[in-house]
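Residues per chain are reported as follows:
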Amino acid sequence: MIFITGVSGFIGSNLANFLHLEGHSIVGIDIGPNCPGFLAKDGHFYQGSASDPTLLSAIFESHNIETVLHLGMTSTPKSAKENPENAKESIVSSTDILLNLSHKHSVNNFVFFSSSHVYGDVSSDKVSEADASEPKSFYGKLKWEAEINCRTFGKSDEVKTRVHIVRPTSVYGPNDPEKRVVNKFIDKALNNEAITINNTTSKLDFTYIDDFVQGIDGLLKANLETNETFNLSRGEGRTLLELGEILKGIFPNLEIQIDEESQRDATKKGCLDISKAKSFFGYNPQVDLESGVEEILKKRN
């Protein structure tokens, strides 16, 4: 059985549905109620916090959990900055609680969903897992702290649970309730509104949700014997201006505005090196940004 925290969210719900179709039994927890339908039907959904030790203990006692996918955390730098105490509890404390429960209940695999924000400013064309982590944002620092705790935990001779860390970036796709930048720009194009770009040079590694989900599935199927950290993205840097131009090719009357003032303070983002994931479990993302935009628009019609 696979336990997914944050199962009602964009990534969590897509993971749950995919793994369910693959034949896995799923149990999930989320602070919000909108879980995948099969979880509600099976009675394997728990509404509550992934940092609630009492509720989590009850879940582990009630189910034979073999794998934990920990996504149920504060998900953006903005929300972490606005509510720092909640963010620390959500990211760091919840991870510590789940690691200890995983050890207690002899869980086989624990996967912590980190973020490319742990790298801070990206100065090279591609950043690998071996590159220095110098997070700038409070969110990135919390993710890095939780990563350190995961590694320390996994090194203990007493711990048999395999502890893996994945670093996603700019995951997007249809039905994203948080309206990340791709969906936000598409909404504006559909509503004949101008899009504003506050960074024309920094590159984002746009990762289509289906590719990301299949990457997690590949990691689980690999059944690795060592604790590892993986970048999990498209592996291709694209600018917001390129995204705007893709949409302009579909919506010729789309107006693109450049916010020159914001560019001076923009974080330097970039592309993740995914060669390690390719080598360890054959990760092979298929959907480029053009195709991803087309898929979102198809499902809007």
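Residues numbered from 1 in each chain as written. Predicted model: local features only at pLDDT ≥ 70, side-chain atom pairs only at ≥ 80, totals over all residues. Heavy atoms only, no water.

K.L.:
Lay out the packing of aromatic side chains in plain terms, naming residues and giving numbers.
P.N.:
Across all of its chains, the model carries 6 aromatic pairs by this definition. Aromatic side chains Phe113 and Phe212 sit 6.1 Å apart centroid to centroid with 65° between the ring planes, which places their arrangement in the edge-to-face category. One end of the pair, Phe113, is in strand β5 (residues 109-113); the other, Phe212, is in helix α8 (residues 209-222), and 99 residues separate them in sequence. Pair check on accessibility: Phe113 and Phe212 agree, each one buried. With a centroid separation of 6.2 Å and 90° between ring planes, the pair formed by Tyr172 and Phe206 is classed as edge-to-face. Taken together, the residues span a long stretch of sequence, with Tyr172 in strand β8 (residues 171-172) and Phe206 in the loop between β10 (203-204) and β11 (207-208) at a distance of 34 residues. Here the aromatic cluster, defined as three or more aromatic residues joined through ring pairs, consists of Tyr172, Phe206 and Tyr208. (Phe/Tyr/Trp six-rings, centres within 6.5 Å; stacked < 30°, edge-to-face > 60°. Helix = DSSP H or I, 4+ residues; strand = E, 2+ residues; numbered from the N terminus. Buried < 20%, exposed > 50% of the residue type's maximum accessible area, 1.4 Å probe, protein only.)

K.L.:
Can you explain helix α7 (residues 181-190)? Please cite residues and give values.
P.N.:
Residue pairs spaced three or four apart in an α-helix point in one direction, given the helix's 3.6 residues per turn. Buried within α7 we find Val182, Asn183, Phe185, Ile186, Asp187 and Ala189. For α7, the secondary structure elements touched by its buried residues are β8, β9 (195-197), α9 (240-250) and α12 (289-300). Count one or two residues on from α7 and you reach Asn192, which has phi positive near 60°. (Contact = heavy atoms within 4.5 Å.)

K.L.:
Could you give me a rundown of the pattern of salt bridges, with the residues and numbers involved?
P.N.:
Using the criterion set out here, one finds 16 salt bridges in the structure. With its nearest N and O atoms 2.9 Å apart, the salt bridge here joins Glu228 to Lys276. Taken together, the residues Glu228 in the loop between α8 and β12 (229-232) and Lys276 in helix α11 (residues 275-281) connect sequence positions 48 residues apart. Relative accessible area serves as the criterion here: at 15%, Glu228 is assigned to the buried category. One salt bridge in this structure joins Lys298 and Glu295, with 3.4 Å as the shortest N-O distance. Of the two residues, Lys298 and Glu295 are both situated in helix α12; the distance of 3 residues between them amounts to about one turn of the helix. When salt bridges that share partners are traced, they join Glu22, Asp217 and Lys221 into one network. (Salt bridge = Lys/Arg side-chain N within 4 Å of Asp/Glu carboxyl O.)

K.L.:
Please provide a residue-by-residue account of the environment of Tyr283, values included.
P.N.:
Secondary-structure assignment places Tyr283 in the loop between α11 and α12. It is 25 Å that separates the C-alpha atoms of Tyr283 and Ile65, two residues lying 218 residues apart in sequence. Discounting residues that sit within four places of it in the chain, Tyr283 has contacts with Thr207, Asp211, Phe212, Gly215, Leu232, Ser233, Arg234, Ile274, Ala277 and Lys278.

K.L.:
Outline the pairing of β12, supporting the account with residue identities and numerical values.
P.N.:
Remark: a regular strand shows side chains that alternate across the two faces of the sheet. Burial of β12 is two-sided: the residues Thr229 and Asn231 facing one way and the residues Phe230 and Leu232 facing the other way are all buried. As paired elements, strand β7 (residues 162-168) and β12 share 4 bridges and run parallel to each other. Paired with Ile165 across the strands is Thr229, a residue of β12. (Pairing = 2+ DSSP bridges.)

K.L.:
Describe the side chain of His63, and please don't skip the residues or the numbers.
P.N.:
Its location among the elements puts His63 in the loop between α3 (53-62) and β4 (67-70). Side chain to side chain, His63 and Tyr46 meet in a polar contact 2.7 Å long. Residues contacting His63, with those up to four places away along its chain left out, are Met1, Val27, His44 and Tyr46. (Polar contact = N/O pair within 3.5 Å; in protein donor to acceptor, adjacent residues only side chain to side chain.)

K.L.:
Tell me about the nonpolar core, and please be specific about residues and values.
P.N.:
Core analysis: the largest hydrophobic core is formed by 81 residues, its most contacted members being Phe3, Ile4, Leu15, Leu69 and Phe113. Apart from residues no more than four positions distant in its own chain, Leu69 is found in contact with Ile2, Phe3, Ile4, Thr5, Leu15, Leu19, Val111, Phe113, Ile216 and Leu220. Val118, Tyr119, Val127 and Leu272 belong to the second largest nonpolar core, which has 5 residues in total. (Core = buried A, V, L, I, M, F, W, Y, C linked by side-chain atoms within 4.5 Å.)

K.L.:
Got a sec to walk through the packing of α9 against α12? Specific residues and values, please.
P.N.:
Put simply, α9 and α12 touch, their axes get as near as 10 Å, and they point 50° apart. In terms of orientation, α9 and α12 fall into the oblique class. The element α9 and its partner α12 pack so that their crossing is right-handed. In this structure, α9 contributes Leu243, Ile246, Leu247 and Ile250 to the contact, and α12 contributes Leu289, Glu290, Val293 and Leu297. (Axes fitted to C-alpha atoms, helices over the stretch in contact; angles between N-to-C directions. Parallel < 35°, antiparallel > 145°, perpendicular 65-115°, else oblique. Left-handed = near helix turned anticlockwise from the far one by under 90°.)

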